[in-house]
Amino acid sequence: MFSLLGATTLMLVAGAPWTLPAAAGGTNLKSPENVEVHIIDDTFTLRWDGSDPAGGNVTFSADYQVPRNDTWLKLPGCQSVTSTKCNFSSLKLNVYEKVKLRVRAERGNETSPWHNVDAFAPFEKVENKLPPPENVRIDAVNDIYVLKWDYASENMTFQAQWLHAYFKKIPGNNSGKWKQMPGCENVKTTQCAIPQNTFQKGIYLIRVQASDGNTTSVWSKEKRFDAQLQKSVLVPPTINMKPTNEVSLRVFIGAPEESENKSVNQHYSLIYEVVFWENTSNAERKTLEKRTDFTFPNLKPLTVYCVKARALTENERWNKSSVFSDPVCEKTIPGSTSKTWLIAGICAALLSIPVVTYVLKLFLRCVRYVFFPSSKPPSTIDEYFSEPPLRNLLLFTSEEQTERCFIIENTNIITTVEETEQIGEDHKKYNSQTSQDSGNYSNEDDSNDSKSGEDFPQQEAE
């Protein structure tokens with residue numbers, strides 16, 4: 001229904017009446033003209049102009065038709081009225097659905113043709129009025145409900161009402177059964193807090209209205225909610241993640257652990273809001289997933305990534321969500337490029353071992369030559385600084401070499417000449433068959449010569 005304060009009126013003027021065959025035997029009754037619908041607050045009034053033919057006693061009746069029913073039904077409050085208006089506020093109309101009306105004049109068994117009003121939606125036909133609040137929703141937060149709605153204009157005042165849903169199944173006018181929502185009367189914001197004890201177990205309807213001074217909007221669409229389900233909360237899902245061979249991470253979302261009388265995840269069709277990011281970066285990637293098994297592909301190799309998720313109700317009318325789960329982090333495996341570089345690095349290291357060994361050997365040789373030189377001089381230096389052997393220095397005082405010569409009287413005796421040159425050289429033996437005197441005389445004493453001469457016959461005898 002509508003609530004428009006003051007004398008605001010919505011008039012729907014019908015076009016030319018549809019002429020239907022007159023009743024049997026003919027009639028002098030004319031169809032009503034200038035049919036109008038007036039909507040003031042929750043009051044629906046149908047007005048028209050009717051002729052007053054001779055004889056009087058004319059009454060009027062109206063019918064209505066809604067899209068879900070093709071049958072014309074009698075309009076409550078508008079049957080056999082004697083005036084040219086009627087009130088049909090008791091009719092339970094959905095102001096967002098189109099409705100058809102028709103009205104005729106009656107006198108006894110005589111009736112006029114119907115005058116049909118084009119189908120209209122009361123909400124759509126309101127002009128120059130405040131629009132109703134939209135997207136009404138209610139959330140459970142701790143021990144209170146928070147009622148929220150959307151509205152385009154600012155500096156507005158709002159009020160909210162509630163009704164037991166079962167009243168809609170009872171015929172009659174329910175406009176007087178709506179109750180004011182505690183804490184949601186004349187609020188300046190697009191939300192209000194409601195104590196949870198306001199609603200017990202059951203299903204309720206909630207509506208919100210905007211006003212600007214004496215001008216009010218129609219009531220919003222009625223929001224239906226189940227108090228029992230609304231009080232319970234969704235719990236976050238569990239997450240597992242593991243790397244795959246394609247440098248990707250596979251994510252598994254599991255059912256949450258049930259808490260005491262709180263988890264109602266099984267009552268809803270859920271989707272999951274997943275947040276994914278690189279561990280060393282603040283850039284997050286968000287996605288909505290209905291699957292519980294999916295993959296993040298084309299990632300960096302050997303990089304740590306983290307993920308967290310929360311559960312959301314897929315049906316917008318519940319508008320429930322859980323908190324985010326604890327983050328889970330995992331490191332990707334090396335990709336094919338990394339393996340190629342790893343193999344190339346190993347090969348390069350193996351090939352560089354001989355080179356490094358050779359360079360190290362040269363370095364050590366250089367260090368040894370500089371810091372630990374050899375005590376023996378090079379052979380080229382020995383050629384210029386050679387000295388006689390130690391034995392020669394002990395035996396001879398003269399630098400000249402000496403020769404021992406012997407005079408041999410018997411030419412038949414083999415003369416042996418020793419030449420002493422240096423200690424350590426072998427003695428050379430010379431055999432002579434000549435009897436000539438060598439011409440060399442010994443410089444040594446005769447005693448030595450005679451002694452030496454005596455020695456030779458002995459040696460020969462031997």
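Quick caveat, the model's predicted, so the values are computed rather than measured. (Residues numbered from 1 in each chain as written. Predicted model: local features only at pLDDT ≥ 70, side-chain atom pairs only at ≥ 80, totals over all residues. Heavy atoms only, no water.)

Asks: Please provide a residue-by-residue account of the overall build of the protein, values included.
Replies: The secondary structure content of the protein amounts to 6 helices and 23 strands. Among the 462 residues that make up the protein, the fraction classed as buried is 34%. For the protein, the accessible area works out to roughly 30,000 Å², and carbon and sulfur atoms hold 50% of it. (Helix = DSSP H or I, 4+ residues; strand = E, 2+ residues; numbered from the N terminus. Buried < 20%, exposed > 50% of the residue type's maximum accessible area, 1.4 Å probe, protein only. Areas by Shrake-Rupley, 256 points an atom, 1.4 Å probe, with all protein chains shown as cover.)

Asks: Explain unusual backbone geometry to me, using residue names and the numbers behind them.
Replies: Unusually for a residue other than glycine, N34 sits at a positive phi of about 50°. Topologically, N34 is positioned in strand β1 (residues 33-40). Residue classification places N34 among the partly exposed positions, given a relative accessible area of 40%. In this structure, N135 takes a positive phi of about 55° despite not being glycine. Mapped onto the fold, N135 is located in strand β9 (residues 134-141). According to the relative accessible area criterion, N135 is partly exposed, its value standing at 46%.

Asks: Outline the pairing of strand β11 (residues 157-164), listing residues and values.
Replies: Among the 8 residues that make up β11, 6 are buried, leaving the element largely enclosed by the rest of the structure. In the sheet, β11 pairs with strand β14 (residues 203-212) via 8 bridges, with the strands oriented antiparallel. Among the inter-strand pairings, Q161 is bridged to a residue of β14, identified as R207. Pairing of β11 with strand β12 (residues 179-187) involves 4 bridges; the strand directions are antiparallel. For F158, the partnering residue across the bridge sits in β12 and is V187. (Pairing = 2+ DSSP bridges.)

Asks: Account for the sheet that holds strand β19 (residues 270-278), with residues named and values stated.
Replies: Strand order across the open sheet formed by 4 strands is β20-β19-β22-β23, with antiparallel pairing between neighbours. Two strands lie at the open edges of the sheet, namely β20 (284-289) and β23 (328-331), each paired on one side alone. With strand direction ignored, the average angle separating the axes of adjacent strands in the sheet is 25°. (Axes fitted to C-alpha atoms, helices over the stretch in contact; angles between N-to-C directions.)

Asks: Run through the nonpolar core, naming residues and quoting values.
Replies: Counting 26 residues, the largest nonpolar core has L46, W48, L75, F88 and L101 as the members making the most contacts within it. Looking at this core, the elements with two or more residues in it are β1, β2 (43-49), β3 (59-65), β6 (99-107) and β8 (115-120). Of the residues forming this core, the biggest block, 4 residues, is contributed by β6. With near-sequence residues (within four places) excluded, W48 lies in contact with P32, E33, N34, V35, F60, V81, S83, T84, K85, C86 and V103. By size, the runner-up hydrophobic cluster in this structure holds 23 residues, among which are F158, A160, C192 and F225. (Core = buried A, V, L, I, M, F, W, Y, C linked by side-chain atoms within 4.5 Å. Contact = heavy atoms within 4.5 Å.)

Asks: Let's hear about the packing of aromatic side chains: which residues, and what values?
Replies: Tallied over the full model, the rule gives 15 aromatic pairs. Here the guanidinium or amino end of R207 rests over the ring plane of W219, the centre of that ring lying 4.3 Å away. (Phe/Tyr/Trp six-rings, centres within 6.5 Å; stacked < 30°, edge-to-face > 60°. Lys NZ or Arg CZ within 6 Å of the ring centre and 35° of its normal.)

Asks: Outline the state of the cysteines, listing residues and values.
Replies: A covalent bond bridging the sulfur atoms of two cysteines is what the word disulfide describes. Within the structure shown, the criterion is met by 3 disulfides. Note on cysteine connectivity: C306 is disulfide-linked to C329, with sulfurs 1.9 Å apart. Taking the sign of the torsion about the S-S bond as the criterion, the disulfide between C306 and C329, at about 100°, is right-handed. Residue C306 is found in strand β22 (residues 304-313), and its partner C329 is found in strand β23; the two are separated by 23 residues along the sequence. A relative accessible area of 2% places C306 in the buried class. Accessibility expressed as a relative area gives 39% for C329, which makes it partly exposed. Numbered in order of appearance, the disulfide-bonded cysteines of the protein are paired 1-2, 3-4, 5-6. (Disulfide = S-S within 2.5 Å.)

Asks: Can you explain the environment of L249? Please cite residues and give values.
Replies: Among the structural elements, L249 can be located in strand β18 (residues 249-254). Accessibility expressed as a relative area gives 0% for L249, which makes it buried. Expressed as a C-alpha distance, the spacing of L249 and K331, which sit 82 residues apart in the sequence, is 8.5 Å. Ignoring sequence-local partners within four residues, the contact set of L249 consists of M241, K242, P243, T244, F276, F294, T295, F296, L299, Y305, E330 and T332.

Asks: Provide a residue-level description of the sheet that holds strand β17 (residues 238-243), including the pertinent values.
Replies: Strand order in this open sheet of 3 strands is β17-β18-β21, and the pairing throughout is antiparallel. The sheet is open, and its two edges are formed by β17 and β21 (293-296), each paired on a single side. Across the sheet, the mean angle separating the axes of adjacent strands is 25° when strand polarity is ignored. With 4 bridges joining them, β18 and β21 adopt antiparallel strand pairing. Its bridge partner lying in β21, R250 is registered against T295.

Asks: Pulling in residues and values, what's your account of the pairing of β2?
Replies: Strand residues, when the strand is regular, have side chains that alternate between the two faces of the sheet. Examined bridge by bridge, β1 and β2 share 6 bridges and lie antiparallel to one another. Looking at β2, one finds that H38 is bridged to T45. The pairing of β2 with strand β5 (residues 85-87) spans 3 bridges and is antiparallel. Each residue of the ladder has a partner; that of R47, found in β5, is K85.

Asks: Describe the pattern of salt bridges, naming the residues involved and giving the relevant values.
Replies: Within the structure shown, the criterion is met by 9 salt bridges. The closest approach of N and O atoms between E278 and K300, which form a salt bridge, is 3.5 Å. Here the residue E278 occupies a position in strand β19, and K300 occupies one in the loop between β21 and β22, the gap between them amounting to 22 residues. Exposure remark for E278: the relative accessible area of 18% places this residue in the buried category. (Salt bridge = Lys/Arg side-chain N within 4 Å of Asp/Glu carboxyl O.)

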